[in-house]
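Close look at the chain arrangement
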Amino acid sequence: MQDNLQIPYGIFDFKRIRTEGYCYIDKTGYIPTLEQSGSCLFFVRPRRFGKSLFINMLRCYYDLAEKGNFEKLFGGLAIAKSPTANRNRYQVLDLDFSTVNICEGKTLQERFDNYMKIQSQLFLMKYDSAYGDDFRRELPNASGMSLFSAIAGYAKQKGYPLYLMLDEYDNFTNAMLRAEASSDYRDITHGQGFYREWFKAFKASFDRIFMTGVSPVTMDDLTSGFNIALNISQDPDFNAMLGFSEEEVLKLYTDFKGTGRYQAGDPAEWVKSIKPWYDGYCFSEAKIGEECVFNSDMALYHLSALVKTGRAPKNMVDVNIKTDYDKLQTIADIQRRLAGGGEGVLPVTEEIASTGQIAFDLVESFPADKISDVANFRSLFHYYGILSMAGRERGQTVFKVPNLCVQHQLFGYLRTAYLRERQPDWDGLRKLAARFAYDGEWEPFLRRLAEDYAGTTPVRGGIQGEIRIQGYMQCEFGHLNFYLARPEMELSRGFCDFALFPERCHYGDVQHSYLIELKFSAKDAPEAEIEEKHKEALDQLAAYRADPFVPSLAKGTTLHQIVYQFKGTELVRAEQIAEEAM
């Protein structure tokens, strides 16, 4: 075992990982299957799933310039046992569109052309012996497109096989989709738009292409009228190509335990503790219930803290993923436009927050101007990593929030949206929450949440309903770090609205657990309906308590069963049904 093994958190340079003592989770076994799938492939995954490292690994494998480094880079990995005939065969153009905007130019088109000019010049430097000085002297002041076209034409004449590795192909999409007017986006992706013209040139010039991104929206616009690439994003063969399987995570933690870099805890127990936070992603219907993957970035973040301090990180949600709030902002902006700009109306987001799941047919590709179609819009939640495939129901795919990490992001964003026009007494709420968790003082905390709910912007604007109050309360309970709060947790013969059991990794000293059943009636509902729903809540709580897993989940705490009942915005009942030591 390598004692100085390093964790590749935030590193996507494959050569550096393989030559500087970093641990590498071997994904090279997918190379033969990729080759067999086609010569022009397109693959989308959420951010922070290892796309850049994977495409960098492919470059090292296929690049003619890395031929002499094959054993050093790939020795001991799966592909080294049986490399394909295409190993180190290609001149590779390696592009990353996330860096386009740092290039000079007043317009996106100018910056893009300058980026392609720089990358083409670097390409010529790398394969200097194949092109030579005479070729370069003929193009002293060529534009990016002219230089690229000249290279492609010369390579075809000489019989040089070319491979395009394109990362972040859709880097411009999010900003343009957020804009009120999408004319700029349409101008570059349709007709004779420059972006579309570049992709035509790519298709005509390369023997093989591998492209990655977050969403298929841009690709659909670019491919209208002609074929660019085969979308393998939902192919079951590639479900776990990015991210880490549970076995891979266990090996990772076991390897570092073997180096002596951390002492406390069994690797299997650590993996069990992070599973609710970082696991749960499934991208292929054929793999539902069979194969989920961890977010690789988050697993490495946790392991880095463990190796450094011997403990789990204080915050299980990496602060660096706060940049991913852009994806939620994009979705929120689109929702508000679709709803005519209504106050805080985030209907799909609220439905997900309140129930933890939603059923629809995933659309594999759609143009930006069709994003308002319900199925298309909902599909964005999956592509952005907010929802994962989880089952089938009445002929549709069921999508769920994959884990607590995503849940915290989603609830945090919604919480801000609900309360954007007011500043509650957060310090007072935190104190009430601590008394709720450690002292069993549940009533002051629940009444405070009811008061805050009645004052939210959407409710004051007259928008009420069961989904709204469930979404709001789920955001609040989801921010109780003391608990693993799951929306609609499945217990015996039903789904408990709020099942709050201790988050034992950081808060093992929490003294109280809760089963809370929320009931909502319209503000003009008759008293008979209120009483009927109260009786229903009592029966449901009794069924949840009978679940055989509840005693182990609540072990060492006092379990409270509570009915939380509203009539419109009015709290009509906060009632404890039972309290027992577990």
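Residues numbered from 1 in each chain as written. Predicted model: local features only at pLDDT ≥ 70, side-chain atom pairs only at ≥ 80, totals over all residues. Heavy atoms only, no water.

We now examine the overall build of the protein chain. When its secondary structure is counted, the protein chain shows 26 helices and 13 strands. Per-residue burial for the protein chain yields a buried fraction of 55% across its 582 residues. Sequence-distant contacts in the protein chain: of pairs separated by 6 or more residues, those separated by 24 or more amount to 69%. (Helix = DSSP H or I, 4+ residues; strand = E, 2+ residues; numbered from the N terminus. Buried < 20%, exposed > 50% of the residue type's maximum accessible area, 1.4 Å probe, protein only. Contact = heavy atoms within 4.5 Å.)

A few words on unusual backbone geometry. Positive phi, close to 65°, is recorded for Arg48, a residue that is not glycine. With respect to the helices, strands and loops of the structure, Arg48 is situated in the loop between strand E1 (40-44) and helix H3 (51-62).

Let's shift gears to the sheet that holds E1. On the basis of which strands lie adjacent, the open sheet formed by five strands has the order E2-E3-E4-E1-E5 and parallel pairing. Here the strands that pair on one side only, and so sit at the sheet edges, are strand E2 (91-96) and strand E5 (230-231). Bridging between strand E3 (residues 162-167) and strand E4 (residues 208-213) involves four bridges; their strand directions are parallel. By the bridge assignment for E4, Leu166 is matched with Met211. (Pairing = 2+ DSSP bridges.)

This brings us to the pattern of salt bridges. One pass over the structure, following the stated rule, counts 24 salt bridges. The salt bridge partner of Glu20 is Arg16, with a shortest N-O separation of 3.1 Å. A relative accessible area of 40% means that Glu20 is categorised as partly exposed. Exposure remark for Arg16: the relative accessible area of 34% places this residue in the partly exposed category. In this structure, the salt-bridge partner of Arg59 is Asp63, at a minimum N-O distance of 3.2 Å. Of the two residues, Arg59 and Asp63, both sit in the buried class. What you see here is one network of salt bridges that share partners, running through Lys15, Arg59, Asp63, Glu66, Asp94 and Lys126. (Salt bridge = Lys/Arg side-chain N within 4 Å of Asp/Glu carboxyl O.)

Below, the discussion takes up the packing of aromatic side chains. How two aromatic rings sit relative to each other is set out by the distance from centre to centre and by the angle between their planes. All chains considered together, the criterion is met by 47 aromatic pairs. Members of the aromatic cluster, each reached through a chain of ring pairs, are Phe97, Phe112, Tyr115, Phe148, Phe194, Tyr195, Trp198, Phe199, Phe202 and Phe206. The cationic tip of Arg87 hangs over the ring face of Phe70; the distance from NZ or CZ to the ring centre is 4.2 Å. (Phe/Tyr/Trp six-rings, centres within 6.5 Å; stacked < 30°, edge-to-face > 60°. Lys NZ or Arg CZ within 6 Å of the ring centre and 35° of its normal.)

Ranked by size, the top nonpolar core spans 102 residues in total, and within it Phe74, Phe97, Tyr131, Phe202 and Phe210 carry the most contacts. Ranked by residue count, the leading element in this core is H3, at eight residues. With sequence-adjacent residues up to four places away left out, Phe202 is seen in contact with Leu95, Phe97, Met116, Phe148, Leu164 and Ile209. (Core = buried A, V, L, I, M, F, W, Y, C linked by side-chain atoms within 4.5 Å.)

With that out of the way, let us pick up the pairing of strand E11 (residues 512-521). Of all ten residues that make up E11, ten are buried, and the element is covered over most of its length. Where burial is concerned, the two faces of E11 agree: the one with His512, Tyr514, Ile516, Leu518 and Phe520 and the one with Ser513, Leu515, Glu517, Lys519 and Ser521 are both buried.

So, about the sheet that holds strand E7 (residues 388-393). Strand pairing in a sheet takes place through backbone hydrogen bonds and is either antiparallel or parallel in direction. One open sheet holds the three strands; their spatial order is E6-E8-E7, and the pairing between them is antiparallel. This sheet does not close on itself; its edge strands, each paired only once, are strand E6 (357-360) and E7. On average, adjacent strands in this sheet sit at an angle of 35° to one another, irrespective of strand direction. Packing of helix H18 (residues 374-383) onto the sheet brings it into contact with E6, E7 and strand E8 (396-400), and relative to E6 it is tilted by some 125°. (Axes fitted to C-alpha atoms, helices over the stretch in contact; angles between N-to-C directions.)

Okay, helix H7 (residues 128-137) next. Inspection of H7 places Ala130, Tyr131, Gly132 and Phe135 among the buried residues, and these make up the whole buried set. Across the axial projection of H7, the buried residues extend over an arc of 150°, all falling on one side. Exposed side chains of H7 directed beyond 90 degrees from the buried face belong to Ser129 and Arg137. If you follow the buried residues of H7, they end up packed against E2, helix H6 (108-126), helix H8 (144-158) and E3. (Arc of directions from axis to C-beta.)

Confidence in the prediction for the protein chain averages 85 pLDDT; 85% of positions are at 70 or higher. Low pLDDT (under 50) marks residues 341-345, which in the prediction has 16 contacts with non-local residues, meaning those over four places away or in another chain. (pLDDT = per-residue confidence, 0-100.)

The end-to-end C-alpha distance of helix H23 (residues 466-478), which contains 13 residues, comes to 18 Å, matching closely the 18 Å that a straight helix rising 1.5 Å per residue would cover. Where burial is concerned, most of H23 is hidden: eleven out of the 13 residues are buried. (Expected span 1.5 Å × (residues − 1).)

Attention shifts here to a nonpolar patch on the surface. Together, Ile118, Leu122 and Met125 make up an exposed nonpolar region whose accessible area comes to about 290 Å². Within the secondary structure layout, Ile118 lies in helix H6. (Patch = residues over 30% accessible without salt bridge, like charges linked within 9 Å, V, L, I, M, F, W, Y side chains within 5 Å. Areas by Shrake-Rupley, 256 points an atom, 1.4 Å probe, with all protein chains shown as cover.)

The next thing to look at is the packing of H6 against H8. The interhelical angle for the contact between H6 and H8, taken along N-to-C directions, is 35°, at an axis separation of 7 Å. Crossing angle aside, the handedness with which H6 passes H8 is left-handed. Residue-level contacts link Asp113, Met116, Lys117, Ser120, Gln121, Phe123 and Leu124 of H6 to Gly144, Met145, Leu147, Phe148 and Ile151 of H8. (Left-handed = near helix turned anticlockwise from the far one by under 90°.)

At a closest axis distance of 8 Å, the pairing of helix H20 (residues 426-438) and helix H21 (residues 442-454) adopts a crossing angle of 145°. The two elements H20 and H21 cross, and the hand of that crossing is left-handed. Facing H20, whose interface residues are Gly428, Leu429, Leu432, Ala433, Arg435 and Phe436, H21 presents Trp442, Pro444, Phe445, Leu446, Arg448, Leu449 and Asp452. Class assignment for the residues of the contact of H20 with H21 results in nine nonpolar, one polar and three charged. (Nonpolar A, V, L, I, M, F, W, Y, C, P; charged D, E, K, R; others polar.)

Relative to the elements of secondary structure, Ser146 occurs in helix H8. Taking relative accessible area as the criterion, Ser146 reaches 38% and is therefore assigned partly exposed. The spatial distance from the C-alpha of Ser146 to the C-alpha of Met116 is 9.9 Å, given a sequence separation of 30 residues.

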